[in-house]
Protein chains: 2
Amino acid sequence: MQNMLETSARLLKLLSLLQSPREWSGTELAGRLEVSTRTVRNDVERLRNLGYPVHATRGAVGGYRLGAGANLPPLLLDDEEAVAVAVGLRTAAAGSIAGVEDTSLRALAKVEQVLPVRLRRRVNALQTYTVAVPARRRGPEVDPQVLTALAAACRDHERIRFDYRAHDGTATRRDAEPYRLVNWGRKWYLVAYDVQRGDWRTFRVDRIEPCPPGGPRFAPRPLPAEDLAAYVSRGVSTATWHYRARIVVHAPADVIAQRLPATAGSVEVIDEQTCAVTTGADTAESMAMWIGLLDADFTVQDAPELSAALRRLADRYRRAAG
Amino acid sequence: MQNMLETSARLLKLLSLLQSPREWSGTELAGRLEVSTRTVRNDVERLRNLGYPVHATRGAVGGYRLGAGANLPPLLLDDEEAVAVAVGLRTAAAGSIAGVEDTSLRALAKVEQVLPVRLRRRVNALQTYTVAVPARRRGPEVDPQVLTALAAACRDHERIRFDYRAHDGTATRRDAEPYRLVNWGRKWYLVAYDVQRGDWRTFRVDRIEPCPPGGPRFAPRPLPAEDLAAYVSRGVSTATWHYRARIVVHAPADVIAQRLPATAGSVEVIDEQTCAVTTGADTAESMAMWIGLLDADFTVQDAPELSAALRRLADRYRRAAG
DNA sequence: GGCCATTAGGAACAGTTCGTTCCTAATGGC
DNA sequence: GCCATTAGGAACGAACTGTTCCTAATGGCC
């Protein structure tokens, strides 16, 4: 029994050594495991019988290596951890990363199989008696292979090539230095330096189609902003504006800066009681609405559509007030 | 070796049998496992040596049972499943369920320990090179014990007692029949029938402090709505309005119903070209803004604050338009 | 082709483990 | 006290384990 435990421990240790991406000679393994090389060969045979694909090369530069498709060692969790895994997998199955749903449900089935009945009933009750309010919009889905490949390219400072689908569906070939992934709610963005355009760009990950092979390594540049979250959220918001305007607001700049979300525009000081706001929106009417929320008098400069919208709204409000 | 595998399989089967919430006699286990009772006693001793708390009762009605705190059997995942678990645990650690974070990180450390180096580096790169745009507001946190206890009470039709903290911090004792949990973004709500008030209520789960013991079982009533998600989201939104108004809109009801979010109010038909909208907001000005977004002429009825706000806005927009 | 270093695997052996049979002892309900 | 349960030691034959010893095959290098 004690020897069986030691043998099991030695098998797990062998499996762990084989999981590093190198080749091991029988002599090296025997030294590490403190057994004879014949015993190593016995253990290798046992791992193979347990389904682990151990590959061997004979000859002067031979050795052992774990092949692709190897099963992972067993995972031992306590009650709380298993419940956390089950809850986390349900959350992931409902998230923004596509393709994780099936895998998560498969893993979840395995986790539930090892849960004792009382914990399984609890996890199931939470699922059965919870109603979710649907998100206003179903977010775009992101391929986990693409996501992790981009993360690896960021880490290794490797240039990537990809086709980028624009809003209207047309695709352009891009060659870029990837730096960071940004997750904003259900959307994922890649902050990269577009080599052909010689400038920084923010790409939607769900519109990226990688074109292997990757490119050469690059020397990293300074990032375009310290606060990348703010950089991306501001850039993304302003990119969708159809109408832009510059208005003079009759209030101090710091007061208005508090009332204006960073994604809604920018504030410049004119003097102590006046500031200029550059803003925009999809429609002139909604722009007028947002400006109204600043709760201060203002003057329009060189934005005839906005002026027209303001007159229409003023007339409508005057009539409605009675 | 073959016998060693059979012994391991038999130990796992014994562990599985012991996980059901009943007591097993040695004779029964011997029959199920097709070994002698002496071997069952040997196996029980082995499970104990492996850390599983197997309790035994001697005598005429004796037997074996697995005690509290038992370790779970080993979990075998493939690569994709392990990565899904790792990604799901990171998602859960960033989610709305408090207390899951520490447990998730503990489980995550165990998962990463069994991952081969190439997968571990991938999962780590995703974490390291991802920046999250912070949510506009940090959501309230929910205790997972409370959450799963409420789910179990819903399932078993058991009345619950709890202290409910209101917005201003005061707590009231409640006695309610729980029916469903509703998850809306980062907030969790409980739809229950308040027994003392004799009516349906929607409670914020983060403000519930359960007071055990639970109450008696109840015969379930019909739910207050078929679409509970809409019921809760509408009820929650309207509860926070400081100002309410009824306006007559000069447009067909179906056109306005499309433009008005369900959480922003309700639409009634007056005739083919007119409908009535009941709406509200925190301030009269923001109510005027939302109404402006309907993009239709309207008339205010019996809402002097709204009329005054509309006049002020009309004057401001007229001056700003130049 | 020879040399050398690698993996592959059979055989013998002493020591260890396993499951079974047999047995005595303790416990708990009726 | 009777009966049914768990507890655990001992003996035994069968099976397993790790080591030593050995022959055979493979592959790179000179």
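Rules behind the numbers
Residues numbered from 1 in each chain as written. Chains lettered and ligands numbered in written order. Predicted model: local features only at pLDDT ≥ 70, side-chain atom pairs only at ≥ 80, totals over all residues. Heavy atoms only, no water. Helix = DSSP H or I, 4+ residues; strand = E, 2+ residues; numbered from the N terminus. Buried < 20%, exposed > 50% of the residue type's maximum accessible area, 1.4 Å probe, protein only. Contact = heavy atoms within 4.5 Å. Areas by Shrake-Rupley, 256 points an atom, 1.4 Å probe, with all protein chains shown as cover. Near = heavy atom within 4 Å. Polar contact = N/O pair within 3.5 Å; in protein donor to acceptor, adjacent residues only side chain to side chain. Nonpolar A, V, L, I, M, F, W, Y, C, P; charged D, E, K, R; others polar. Buried area = accessible area lost by both parts, 1.4 Å probe. Salt bridge = Lys/Arg side-chain N within 4 Å of Asp/Glu carboxyl O. Pairing = 2+ DSSP bridges. Least-squares fit on C-alpha atoms with pLDDT ≥ 70 in both. 1 Å grid on protein atoms, 1.4 Å probe; cavity = no way out; pocket = protein on both sides within 12 Å on 5 of 7 lines; lining within 4 Å. Points joined across faces, edges and corners; volume = space filled by probe spheres on them. Axes fitted to C-alpha atoms, helices over the stretch in contact; angles between N-to-C directions.

Student: Give a description of the overall build of chain A that names residues and reports values.
Tutor: For chain A, the count of helices and strands is 11 helices and 12 strands. Across the 322 residues of chain A, 45% fall into the buried class. Look at the contacts in chain A between residues 6 or more apart in sequence, and 54% of them connect residues 24 or more apart. Summing over all exposed atoms, chain A offers an accessible surface of approximately 16600 Å²; the carbon and sulfur share of this is 50%.

Student: Run through the protein's contact with DNA strand C, naming residues and quoting values.
Tutor: Inspection of the region around DNA strand C gives 28 residues, with Gly26, Arg41 and Tyr64 of chain A together with Thr39 and Arg46 of chain B positioned closest. The sugar-phosphate share of atoms of DNA strand C within 4 Å of the protein amounts to 70%. Backbone polar atom of glycine 59 of chain A to a sugar or linking oxygen of DNA strand C: 2.8 Å apart, as the coordinates give it. At a separation of 2.7 Å, a phosphate oxygen of DNA strand C approaches a polar side-chain atom of arginine 10 of chain B. Contributions of two or more residues to the surface near DNA strand C are made by α1 (2-18), α3 (37-49), β1 (54-57) and β2 (63-66) of chain A together with α1 (2-18) and α3 (37-49) of chain B. Looking at the surface near DNA strand C element by element, the count peaks at 4 residues for α3 of chain B. Its residues assigned to classes, the surface near DNA strand C comprises 8 nonpolar, 12 polar and 8 charged.

Student: Please provide a residue-by-residue account of the interface of chain A and chain B, values included.
Tutor: Every contact between the two is made by 94 residues of chain A and, on the other side, 94 residues of chain B. Both sides together, the interface formed by chain A and chain B hides about 8800 Å², and carbon and sulfur atoms give 64% of it. In this assembly, chain A and chain B are joined by 8 salt bridges. Broken down by element, the side of chain A that touches chain B gets its largest block of residues, 12 residues, from helix α11 (residues 304-321) of chain A. Its residues placed into classes, the side of chain A that touches chain B shows 58 nonpolar, 16 polar and 20 charged. Relative to strand β3 (residues 130-132) of chain B, strand β5 (residues 171-184) of chain A runs parallel, the two sharing 3 bridges. Bridged to valine 182 of chain A within β3 of chain B is valine 131 of chain B.

Student: Talk me through the relation of the copies chain A and chain B; I want residue IDs and the actual numbers.
Tutor: When chain A is fitted to chain B, the residual RMSD is 0.4 Å, and the transformation amounts to a turn of 180 degrees plus an axial shift of 0.0 Å. Taken together, the turn and the small shift mark the pair as related by a two-fold rotation axis. Taken as a fraction of all interface residues of chain A, those also at the interface in chain B reach 100%, which identifies the copy contact as same-surface.

Student: An account of the layout of surface pockets is requested, with residue identities and associated values reported.
Tutor: Size it by volume and the second largest pocket reaches roughly 1700 Å³. Lining the second largest pocket are 50 residues; nearest its centre among them are Leu12, Pro74 and Leu76 of chain A together with Leu12 and Pro74 of chain B. At 9 residues, α1 of chain B tops the list of elements feeding residues into the lining of the second largest pocket. Its residues assigned to classes, the lining of the second largest pocket shows 34 nonpolar, 11 polar and 5 charged.

Student: Outline the protein's contact with DNA strand D, listing residues and values.
Tutor: The immediate surroundings of DNA strand D are formed by 29 residues, with Thr39 and Arg46 of chain A together with Gly26, Arg41 and Tyr64 of chain B found nearest. Taking all atoms of DNA strand D within 4 Å of the protein, the share assigned to sugar and phosphate is 69%. A distance of 3.0 Å is found between a phosphate oxygen of DNA strand D and a backbone nitrogen or oxygen belonging to serine 36 of chain A. A distance of 2.5 Å is found between a phosphate oxygen of DNA strand D and a side-chain nitrogen or oxygen belonging to arginine 46 of chain A. Of all the secondary structure elements, the ones that give two or more residues to the surface near DNA strand D are α1 and α3 of chain A together with α1, α3, β1 (54-57) and β2 (63-66) of chain B. When residues in the surface near DNA strand D are grouped by element, the largest group, 4 residues, is from α3 of chain A. Classifying every residue of the surface near DNA strand D by side-chain character gives 8 nonpolar, 13 polar and 8 charged.

Student: Talk me through the sheet that holds strand β11 (residues 274-281) of chain A; I want residue IDs and the actual numbers.
Tutor: Residue and element names in this part refer to chain A. Pairing in this open sheet of 4 strands is antiparallel, and the strands run β10-β11-β9-β12 from one edge to the other. Where the open sheet ends on each side, the last strands, each with one partner, are β10 (265-271) and β12 (298-301). Ignoring strand direction, the axes of neighbouring strands in this sheet form an average angle of 25 degrees. Here strand β9 (residues 243-249) runs beside β12; their pairing, made up of 4 bridges, is antiparallel.

Functional significance is not addressed by these values, which are geometric in nature.
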